[in-house]
Amino acid sequence: MAENARRKRLSYRAWHRGTKESDIILGTFADAKLPMLDELGLDAFEALLDVPDPVIYDWVTGRVPVPDEMDTPLIRELLAFKITL
């Protein structure tokens, strides 16, 4: 039960970022991937949500490379994720 509540909380945070672009990027990714993440994956996603929107946007658009300390499997999955609108 607690894990389900955590997933709901993370989904909400992903969809309510402050910029529409980040809502779409992270919210869509959360909808597709959160159900499959294990505890470590949820931890990684929660850490990603602590990164400011402009930084994530720059990573996703390729303007700025992801720093080594943030280059995790989850980030690589986000960068490879294709959003269909």
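The shown structure was predicted, so the numbers you read here are calculated from the model rather than taken from an experiment.

1. Focus: the overall build of the protein
Next up, step 1: Within the protein one finds 5 helices and 0 strands.
Next up, step 2: Listing the helices and strands of the protein from first to last along the sequence gives α-α-α-α-α.
Next up, step 3: A compact globule built from 85 residues would reach a C-alpha radius of gyration of about 12 Å, and the protein, at 12 Å, matches this within 12%.
Next up, step 4: Seen through its C-alpha atoms, the protein measures out along the principal axes to roughly 40 × 25 × 20 Å.
Next up, step 5: Taken over 85 residues, the protein has a buried fraction of 33%.

2. Thoughts on the packing of helix α2 (residues 20-33) against helix α5 (residues 73-80)
Think of two packed helices as two axes; the pair is described by the angle between the axes and how far apart they sit.
Next up, step 1: Contact pair α2 / α5: the axes reach a minimum separation of 11 Å and the direction vectors enclose 110 degrees. By the angle between their directions, the pair α2 and α5 is classed as roughly perpendicular. As for how α2 packs across α5, the hand of that crossing is right-handed. Mapping the contact onto sequence places Ile25, Leu26, Phe29 and Lys33 in α2 and Leu74, Glu77 and Leu78 in α5.
Next up, step 2: When grouped by side-chain class, the residues that make up the contact of α2 with α5 number 5 nonpolar, no polar and 2 charged.

3. Overview of the packing of aromatic side chains
Next up, step 1: Taken as a whole and judged by the stated rule, the model has 2 aromatic pairs.
Next up, step 2: Here the aromatic rings of Phe29 and Phe81 are separated by 5.3 Å at their centres, their planes lie at 85 degrees, and the arrangement is edge-to-face. Of this pair, Phe29 sits in helix α2 while Phe81 sits in the segment after α5, and the two are 52 residues apart along the sequence.
Next up, step 3: With relative accessibility at 0%, the residue Phe29 sits in the buried group.
Next up, step 4: A network of ring pairs unites the aromatic residues Phe29, Phe45 and Phe81 as a single cluster.

4. Remarks on the environment of Leu78
Next up, step 1: The residue Leu78 is located in helix α5 in this model.
Next up, step 2: What Leu78 contacts, discounting residues up to four positions off in sequence, is Ile25, Leu26, Phe29, Leu48, Ile56 and Val60.

5. Some details on the pattern of salt bridges
Next up, step 1: Inspection of every chain in the model, using the stated rule, returns 9 salt bridges.
Next up, step 2: Two residues, Arg6 and Asp43, come together in a salt bridge whose shortest N-O distance is 2.6 Å. Here the residue Arg6 occupies a position in helix α1 (residues 2-15), and Asp43 occupies one in helix α3 (residues 39-49), the gap between them amounting to 37 residues.
Next up, step 3: Of the residues examined, Arg6 reaches a relative accessible area of 11% and is grouped as buried.
Next up, step 4: Here Arg76 makes a salt bridge to Asp71, at a shortest N to O gap of 3.0 Å.
Next up, step 5: Classification of Arg76 as partly exposed rests on a relative accessible area of 44%.
Next up, step 6: Residue classification places Asp71 among the partly exposed positions, given a relative accessible area of 36%.
Next up, step 7: Connected through salt bridges with shared partners, the residues Arg6, Arg9, Glu39, Asp43 and Glu46 form a single ionic network.

About the thresholds
Every chain is numbered on its own, with residues counted from 1 as its sequence reads. For a predicted model such as this one, the threshold for reporting local features is a pLDDT of at least 70, and the threshold for listing and counting side-chain atom pairs is 80 or more; totals across whole chains, interfaces and linings nevertheless cover every residue. Calculated side-chain values reflect all of the structure's heavy atoms, with hydrogen atoms and water omitted. Runs of H or I in DSSP of at least four residues are treated as helices and runs of E of at least two as strands, each being numbered from the N terminus. The globule rule is 2.2 Å times the number of residues to the power 0.38, and the radius of gyration it is compared with is taken over C-alpha atoms. Note on classification: 1.4 Å probe, protein chains only; a residue is buried when its accessible area is under 20% of the maximum for its type, exposed when over 50%, partly exposed between these limits. Fitting a line to C-alpha atoms yields each axis, with helices limited to the stretch in contact; the angle taken between N-to-C directions then spans 0 to 180 degrees. Between 65 and 115 degrees an angle is taken as roughly perpendicular, under 35 as roughly parallel, over 145 as roughly antiparallel, and anywhere else as oblique. For a crossing to be left-handed, the near helix must be turned anticlockwise from the far one by less than a right angle; the clockwise case is right-handed. Residue contacts are defined here by distance: any two heavy atoms, one from each residue, within 4.5 Å place the two residues in contact. Classification convention: Asp, Glu, Lys, Arg as charged; Ala, Val, Leu, Ile, Met, Phe, Trp, Tyr, Cys, Pro as nonpolar; all other residues, Gly among them, as polar. Stacked, edge-to-face and tilted labels apply to pairs of Phe, Tyr and Trp rings (six-membered ring for Trp) whose centres lie within 6.5 Å, assigned for plane angles under 30 degrees, over 60, and everything in between, in that order. Salt bridges are defined as contacts in which a side-chain nitrogen from Lys or Arg sits within 4 Å of a carboxyl oxygen from Asp or Glu.

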